[in-house]
Amino acid sequence: MFANRYVRTIIFSRVLLQLGIWIRNYAVLLYVTDLTNNNPVYVSLISVAEFAPIFLFGLIGGTFADRWRPKRTMVWSDLLSGLSVGVVLLAVMQGEWIALLIGAFVSASLSQFSQPSAMKLYKRHVPAEQLQSVMAMSQTLVAVFMVLGPVIGTFIFLQFGIQASLILTAILFLGSSLILASLPRDMEEPKLGKADSFTKELMDGLRYIGSNKSLRTLCLTFSAVGLASGLTQPLQIFLVIENLGQDKQFLQWPVMANGAAMLVGGAAIVTVAKKVKPQLLLLVGLLVAAVCTMGMGASHQIWLTIILLVISGLFYPCIQGGIQTLLIRNTEGAFIGRVSGTITPIFMGMMVGGMFISGYLKGIFSLLGVFIVSGVFIMIGALLLLPIVIEKRKKAEAGPAA
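Since we're looking at a predicted model, the values are computed, not measured.

### So, the overall build of the chain
A tally of helices and strands in the chain yields 13 helices and zero strands. Listing the helices and strands of the chain from first to last along the sequence gives α-α-α-α-α-α-α-α-α-α-α-α-α. Burial analysis of the chain (402 residues in total) assigns 51% to the buried set. The long-range fraction of contacts in the chain, counting pairs at least 24 apart against all pairs at least 6 apart in sequence, stands at 89%. Here the chain has roughly 18,400 Å² of accessible surface; of this, 69% comes from carbon and sulfur atoms.

Here's what the structure looks like:
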């Protein structure tokens, strides 16, 4: 895969980008908590600044990604992200720390234009038989930084402070832009007539998803999984405190175990991706996640909870890699940005909705009850996927016979 110039260049640029994002996120988090004396309102605003752009610009960014040249879009997105961090640094030096939240919002917004463009380049320049492995590699990269990112970000902030963290973030963003600039020039995009307005293209993208059975099913599956993730994510601290009888500092160990397992699982998926169908990969990942989620809610033993987290982490790349591969394979190149920009906000919207009601559900039922409900929603997502698995298998069996 690394013999492919596009894969090599995009992955290398994403390494710099991920490193910059984690350094920035933890610098902002630690700086704001120190400055506001752990004010929960301002801490929650950090999450809003990072997640709100996914709702606001996901579909818009995907639509523009289909209209614009992908290389140029990615280069300018990373370049503007780097410059925005420089502006934020100047504001922070003047004591305007609110600029940190604005900077995180701007950078996250630009990512909604860059990410669909990367998918578009993969669609154009990666052979079909390698797509699943490339998607698994991308998920492995995310897993690596889930383990290393918090450690690196915290260390740099504690050792060198907020200004050094922001300077390093800007350098990494600009470095990513420079690496992407080395790619060959984009192909000419089709000239759009007056009828091809932005609104029309956006609606065409939504109609395209609605007319595609596989994409409709993936939307429903993604919705169920997003809701399930949102229900349990805010309650992980209560697993540690209530079920395991530990203090909140102990949470770092389960998180690190889960992240390390995701790293191993992602590496394993890269090696087996050519041999396993993406729909089967996704189905297995969802079923394992459902069982592990229910088990974690019921477990009161540290060793059992850690084992379940490790198993869940090992199979998590099956879910993300399977979904991304199915998206690319079932989407025409002209619609890849709009499809990606629609389905990701659906997942995030359902996840945030789950987060909003998880605390209320815990009060009404119990911690175990919420984790069981989450596991049930993941199973529903798997069941929704079952018709695709059966249909693909029938087509595969009918092909040789024909």
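### As for the packing of helix H10 (residues 278–298) against helix H11 (residues 302–329)
Pairs of packed helices are described in terms of their axes, by the angle between the two and the distance that separates them. Look at H10 against H11: their axes get within 7 Å of each other, and the N-to-C directions meet at 150°. Taken together, H10 and H11 sit at an angle that is classed as roughly antiparallel. Here the hand of the crossing between H10 and H11 comes out left-handed. Classifying every residue of the contact of H10 with H11 gives 17 nonpolar, seven polar and one charged.

### Quick look at helix H7 (residues 213–232)
Helical geometry note: an α-helix holds 3.6 residues per turn, so side chains three or four residues apart project in the same direction. The terminal C-alpha atoms of H7 lie 29 Å apart, and with 20 residues this matches the ideal 28 Å at 1.5 Å per residue to within 8%. Counting buried residues in H7 gives 16 out of 20 residues, a clear majority hidden from the surface. Sitting at the amino-terminal end of H7 is Asn-212, which places a side-chain oxygen 3.0 Å from the backbone nitrogen of Ser-214.

### Thoughts on the packing of helix H3 (residues 70–93) against helix H4 (residues 98–125)
Running from N to C, H3 and H4 point in directions that differ by 165°, and their axes come no closer than 8 Å. Accordingly, the angle class assigned to the pair H3 and H4 is roughly antiparallel. The crossing of H3 and H4 is left-handed.

### Considering the nonpolar core
Core analysis: the biggest nonpolar cluster contains 28 residues, and Leu-215, Leu-218, Leu-282, Leu-286, Leu-327 and Val-339 have the highest contact counts within it. Secondary-structure elements contributing two or more residues to this core are helix H6 (198–211), H7, H10, H11, helix H12 (336–364) and helix H13 (367–401). Sort the elements by how many residues they give to this core and H7 lands first, with six residues. Residue contacts for Leu-282: discarding those within four places in its chain leaves Leu-218, Cys-318, Ile-319, Gly-322, Ile-323, Leu-326 and Leu-385. The next biggest cluster of nonpolar side chains, apart from the first, holds 20 residues, and it includes Ile-21, Leu-89, Ile-162 and Leu-166.

### Structural notes on the confidence of the model for the chain
Scored by pLDDT, the chain comes out at a mean of 80, with 85% of its residues at no less than 70. Ranking the elements of the chain by mean pLDDT puts helix H2 (residues 40–67) last with 68 and H10 first with 90.

### Description of helix H8 (residues 236–243)
Every buried residue belonging to H8 is among Leu-239, Val-240 and Asn-243, and all of these are buried. Looking down the long axis of H8, one finds its buried residues gathered within 115° of arc, a one-sided arrangement. Directly after H8, the chain includes Gly-245, whose backbone phi takes a positive value near 70°.

Conventions we followed
Residues numbered from 1 in each chain as written. Predicted model: local features only at pLDDT ≥ 70, side-chain atom pairs only at ≥ 80, totals over all residues. Heavy atoms only, no water. Helix = DSSP H or I, 4+ residues; strand = E, 2+ residues; numbered from the N terminus. Buried < 20%, exposed > 50% of the residue type's maximum accessible area, 1.4 Å probe, protein only. Contact = heavy atoms within 4.5 Å. Areas by Shrake-Rupley, 256 points an atom, 1.4 Å probe, with all protein chains shown as cover. Axes fitted to C-alpha atoms, helices over the stretch in contact; angles between N-to-C directions. Parallel < 35°, antiparallel > 145°, perpendicular 65-115°, else oblique. Left-handed = near helix turned anticlockwise from the far one by under 90°. Nonpolar A, V, L, I, M, F, W, Y, C, P; charged D, E, K, R; others polar. Expected span 1.5 Å × (residues − 1). Polar contact = N/O pair within 3.5 Å; in protein donor to acceptor, adjacent residues only side chain to side chain. Core = buried A, V, L, I, M, F, W, Y, C linked by side-chain atoms within 4.5 Å. pLDDT = per-residue confidence, 0-100. Arc of directions from axis to C-beta.

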